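For reference, the chains in residue letters:
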Amino acid sequence: MKAVVDISMYPVSNEIIAHIDKFILSLKKDSTLKVTVGNTATVIEGEYNHLMLVLTQKMKKSFENVPCAFNLRILGGSTADIPNPHKWSRNLYRLPAPN
């Protein structure tokens, strides 16, 4: 089963961009993952079990190096199923306006 993760990292450091770049580069080293970097989040696509394993390992390493928080949205499926992966939560979970 494929999965898509939309992830943002929030390091508590004076070198925010350096920590984010290091995290993204570590994800890009895995050739089985499709990593798309956006302005405020990174979209990662791959096989669910492998993707979750890699994210767990990379996030743990980040926690060991710098205090930080992560914000994740996880979709079971593929980015091919959605028109704009950086806006997928808005596209898939749009609720009708209240009456």
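Each remark here, short or long, concerns the structure printed above.
Reading the values: the criteria
- Along each chain, the written sequence defines residue order, and numbers are assigned to residues from 1.
- Local features in a predicted model are, by the rule used here, given only for residues with pLDDT of at least 70; side-chain atom pairs are given and counted only at 80 or more, and totals for whole chains, interfaces and linings are based on all residues.
- Heavy atoms from the whole structure form the basis of all side-chain values; hydrogens and water molecules are not counted.
- Only one rule defines a salt bridge in this text: a Lys or Arg side-chain nitrogen within 4 Å of an Asp or Glu carboxyl oxygen.
- For helices the rule is a DSSP run of H or I covering at least 4 residues; for strands it is a run of E covering at least 2, with both sets numbered from the N terminus onward.
- Here the term buried applies to any residue with accessible area under 20% of the maximum for its type, exposed to any over 50%, and partly exposed to those in between, with areas from a 1.4 Å probe on protein chains only.
- Between the N-to-C directions of two axes lies an angle of 0 to 180 degrees, each axis being a line fitted to C-alpha atoms and, for a helix, fitted only over the stretch in contact.
- Throughout this description, any angle smaller than 35 degrees is read as roughly parallel, any larger than 145 degrees as roughly antiparallel, any in the 65 to 115 degree range as roughly perpendicular, and the remainder as oblique.
- In this scheme, a crossing is called left-handed if the near helix is turned counterclockwise away from the far one by less than a right angle; it is called right-handed if the turn is clockwise.
- In what follows, a contact means two residues having at least one pair of non-hydrogen atoms within 4.5 Å.
- Ten residue types, Ala, Val, Leu, Ile, Met, Phe, Trp, Tyr, Cys and Pro, are classed as nonpolar, four, Asp, Glu, Lys and Arg, as charged, and the remainder, Gly among them, as polar.
- Side-chain atoms within 4.5 Å are what join buried Ala, Val, Leu, Ile, Met, Phe, Trp, Tyr and Cys residues into a set we call a nonpolar core.
- The pairing test for Phe, Tyr and Trp rings, Trp by its six-membered ring, is centres within 6.5 Å, and the orientation test on the planes gives stacked under 30 degrees, edge-to-face over 60, and tilted for anything in between.
- Here the expected span of a helix is defined as 1.5 Å times the quantity of residues minus one.
- Strands are labelled as partners when DSSP assigns at least two bridges between them.

All told, the structure shown has three salt bridges when counted by the stated rule. Residue Arg73 pairs with Asp6 through a salt bridge whose shortest N-O separation is 2.7 Å. With a gap of 67 residues between them, Arg73 in strand S4 (residues 68–76) and Asp6 in strand S1 (residues 2–11) connect regions that are remote in the sequence. Salt-bridge contacts for Glu64 lead to Lys60; the nearest nitrogen and oxygen are separated by 3.8 Å. Taken together, the residues Glu64 and Lys60, both in helix H2 (residues 48–65) and four residues apart, mark about one turn of the helix. Judged on exposure class, the residue Glu64 and its partner Lys60 are both exposed.

Running from N to C, helix H1 (residues 16–28) and H2 point in directions that differ by 150°, and their axes come no closer than 11 Å. On the basis of the axis angle, H1 is roughly antiparallel to H2. Crossing geometry of H1 relative to H2 is assigned as right-handed. Counted together, Lys22, Phe23, Ser26 and Leu27 of H1 and Val54, Leu55, Lys58, Met59, Ser62 and Asn65 of H2 form the full contact between these two elements. Class assignment of the residues belonging to the contact of H1 with H2 gives a composition of five nonpolar, three polar and two charged.

Below, the discussion takes up the nonpolar core. Residues Ile7, Phe23, Leu27, Ile44, Leu51, Leu55 and Phe70 are the most contacted members of the largest nonpolar core, which totals 18 residues. Residue assignment for this core shows that the elements contributing at least two residues are S1, H1, H2 and S4. Every residue in contact with Phe70, bar those within four places of it in the chain, is listed here: Ile7, Ser8, Met9, Phe23, Met59, Ser62 and Phe63.

With that settled, the discussion passes to the packing of aromatic side chains. Under the definition given, this model contains two aromatic pairs. Members of the aromatic cluster, each reached through a chain of ring pairs, are Phe23, Phe63 and Phe70.

On to H1. The end-to-end C-alpha separation of H1 is 19 Å, in line with the 18 Å expected for 13 residues at 1.5 Å each. The elements touched by buried residues of H1 are S1, strand S2 (34–37), strand S3 (42–47), H2 and S4.

The next thing to look at is the pairing of S2. Sheet topology note: the S2/S3 ladder contains four bridges and is antiparallel. For Val35, the partnering residue across the bridge sits in S3 and is Ile44. Hairpin connection, S2 to S3: the antiparallel pair is bridged by four residues.

It is worth spelling out the sheet that holds S2 at this point. The strands making up a sheet associate through hydrogen bonds between their backbones, and the pairing can be parallel or antiparallel. Pairing is antiparallel across the open sheet formed by four strands, whose spatial order is S2-S3-S1-S4. Pairing within the sheet leaves two strands with one partner each, and these edge strands are S2 and S4. Ignoring which end each strand starts from, the neighbouring axes of this sheet average 20° apart. Sheet topology places S1 next to S4; nine bridges connect them, and they run antiparallel. Looking across to S4, one finds that Ile7 is bridged to Leu72. Where H1 meets the sheet, it contacts S1, S2, S3 and S4, and its direction lies at approximately 160° from that of S1. H2 contacts S1, S3 and S4 of the sheet and is inclined by roughly 10° relative to S1.

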